[in-house]
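Take a look at the letters that make up each chain.
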Amino acid sequence: MEVFPSLPSATAIALAGDMSTRGYGIAENCISIEALTELRRFIHDSVNQTGGEYIAFGGPDAMRGTFLQDLAASANFQTLCRELYSSGMQKPAPPVSFYQVLRCLAGKTGEQHAYRFHYDSYVLTILVPILIPAEGQPGHLIMFPNTRPVRRTYLGNLIDKLFLDNRLTQNRLRKGVISGRLKPERIKMQPGNAYFFWGCRSIHTNEPCDPDKIRATALFHYVDPYADSWLRQTLLRLRNRKPQMSMAAPEARAPQPA
Ligand SMILES: O=C(O)CCC(=O)C(=O)O
Ligand SMILES: [Fe+2]
């Protein structure tokens, strides 16, 4: 069953235009209420099991049997992502699947997952909001759009990440945003819509939400430009050799920003 509308190519062109100008494009009313209701039930159950704290699911096994698996398999959704990729990258998308994450912010631990400014490792990011608190702090997505090109090499990408992923830069960005000195795009997401942006080109994160609320977002990461990089594979192998990583159950390990 097709779970995503077939969008006219004019809509895809408009989305791509918005992604390159203001940083993000919105496909409106493309996720059904039934799908949101089913996912919300799953999210409420999962957060209850953690005692009201943060939980995240990564990889295809965690999504099996849910709407998120159907969406990743949807021909219409895949076609749109391929079109956006090829229009942004000026080359056809390789035949790859999505790297999927479902993030549920709740409790004190949820607050710790705010203001983690990052670039995604994948070119295109699709964010599907499932639960956004209607009152208090909703945990908006904030973004400095298209602050870099897609780096040609993994090393180039790594150098950017080192400049961003350190305490000094993170503190500066957080303080700048909180004081209003820095003015990122602040995206007030509405469940039912899907949000598209160049995740690997745009510094982004979410603001905190109230600890007694749940904020849940599904992320679809599309096309890892460095999948074949020797350096990347070597670093991954070294990291996976560390015993504490391999001993944790996959679902207990919170996925890092891709
Ligand atoms: O949940 C969000 O608003 C953003 C999460 C994100 O950027 C990521 O997981 O890569
Ligand atoms: Fe991200």
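Use the structure listed above.
What comes next is a walk through the structure. Predicted, not measured: the structure shown is a model, and the values here were computed from it.

Across its full length, the protein holds 10 helices and 9 strands. Against the 2.2 N^0.38 benchmark of 18 Å for 258 residues, the protein shows a C-alpha radius of gyration of 18 Å, consistent with a compact globule. Judged by the C-alpha coordinates and their principal axes, the protein covers about 45 × 45 × 40 Å. Looking at the 258 residues of the protein, the share that counts as buried comes to 47%. A separation of at least 24 residues holds for 88% of the contacts in the protein among residues at least 6 apart in sequence. Approximately 13,300 Å² of the protein is accessible, and the part contributed by carbon and sulfur atoms is 54%.

So, on to the site of ligand 1. Neighbouring residues of ligand 1: Arg 103, His 118, Asp 120, Leu 127, Leu 141, His 204, Asn 206, Arg 215, Thr 217, Leu 219 and His 221. One of the side-chain N or O atoms of His 118 is found 3.1 Å from an oxygen atom in ligand 1. With respect to ligand 1, the side chain of His 204 contributes an N or O atom lying 3.1 Å from an oxygen atom. Elements with a minimum of two residues in the shell around ligand 1: β8 (203-206) and β9 (215-222). It is β9 that contributes the most residues to the shell around ligand 1, 4 residues altogether.

Before going further, it helps to spend a moment on unusual backbone geometry. A positive phi angle, near 60°, is found at Gln 90, a position not held by glycine. Looking at where Gln 90 falls in the secondary structure, it is placed in the loop between α5 (75-89) and β3 (99-105). Of note in this structure, Tyr 115 is not a glycine but carries a positive phi near 55°. Within the fold, Tyr 115 resides in the loop between α6 (107-111) and β4 (124-131).

Time to look at the packing of aromatic side chains. Taken as a whole, this structure holds 10 aromatic pairs when the rule is applied. Arranged with centres 5.8 Å apart and planes meeting at 10°, the rings of Tyr 99 and Tyr 122 form a pair that is stacked. Remark: Tyr 122 occurs in the loop between α6 and β4 and Tyr 99 occurs in strand β3; sequence separation between them is 23 residues. With a relative accessible area of 16%, Tyr 122 lands in the buried category. Through pairs of rings, three or more aromatic residues link up here, namely Phe 4, Phe 77, Tyr 85, Phe 98, Phe 220 and Tyr 222. Arg 148 extends its terminal NZ or CZ atom over the ring of Tyr 119, reaching a point 3.9 Å from the ring centre.

Here the focus is the nonpolar core. Ranked by internal contacts, the top residues of the largest apolar core, which has 47 residues, are Ile 126, Phe 196 and Phe 220. Among residues more than four places away in sequence, those in contact with Phe 220 are Leu 68, Leu 71, Ala 72, Phe 77, Phe 98, Tyr 99, Gln 100, Leu 124, Thr 125, Ile 126 and Val 128. Residues Val 101, Leu 127, Leu 141 and Met 143 belong to the second largest nonpolar core, which totals 11 residues.

Each value, and the rule that gives it
- Residues numbered from 1 in each chain as written.
- Chains lettered and ligands numbered in written order.
- Predicted model: local features only at pLDDT ≥ 70, side-chain atom pairs only at ≥ 80, totals over all residues.
- Heavy atoms only, no water.
- Helix = DSSP H or I, 4+ residues; strand = E, 2+ residues; numbered from the N terminus.
- Rg over C-alpha atoms; globule rule 2.2 N^0.38 Å.
- Buried < 20%, exposed > 50% of the residue type's maximum accessible area, 1.4 Å probe, protein only.
- Contact = heavy atoms within 4.5 Å.
- Areas by Shrake-Rupley, 256 points an atom, 1.4 Å probe, with all protein chains shown as cover.
- Near = heavy atom within 4 Å.
- Polar contact = N/O pair within 3.5 Å; in protein donor to acceptor, adjacent residues only side chain to side chain.
- Phe/Tyr/Trp six-rings, centres within 6.5 Å; stacked < 30°, edge-to-face > 60°.
- Lys NZ or Arg CZ within 6 Å of the ring centre and 35° of its normal.
- Core = buried A, V, L, I, M, F, W, Y, C linked by side-chain atoms within 4.5 Å.

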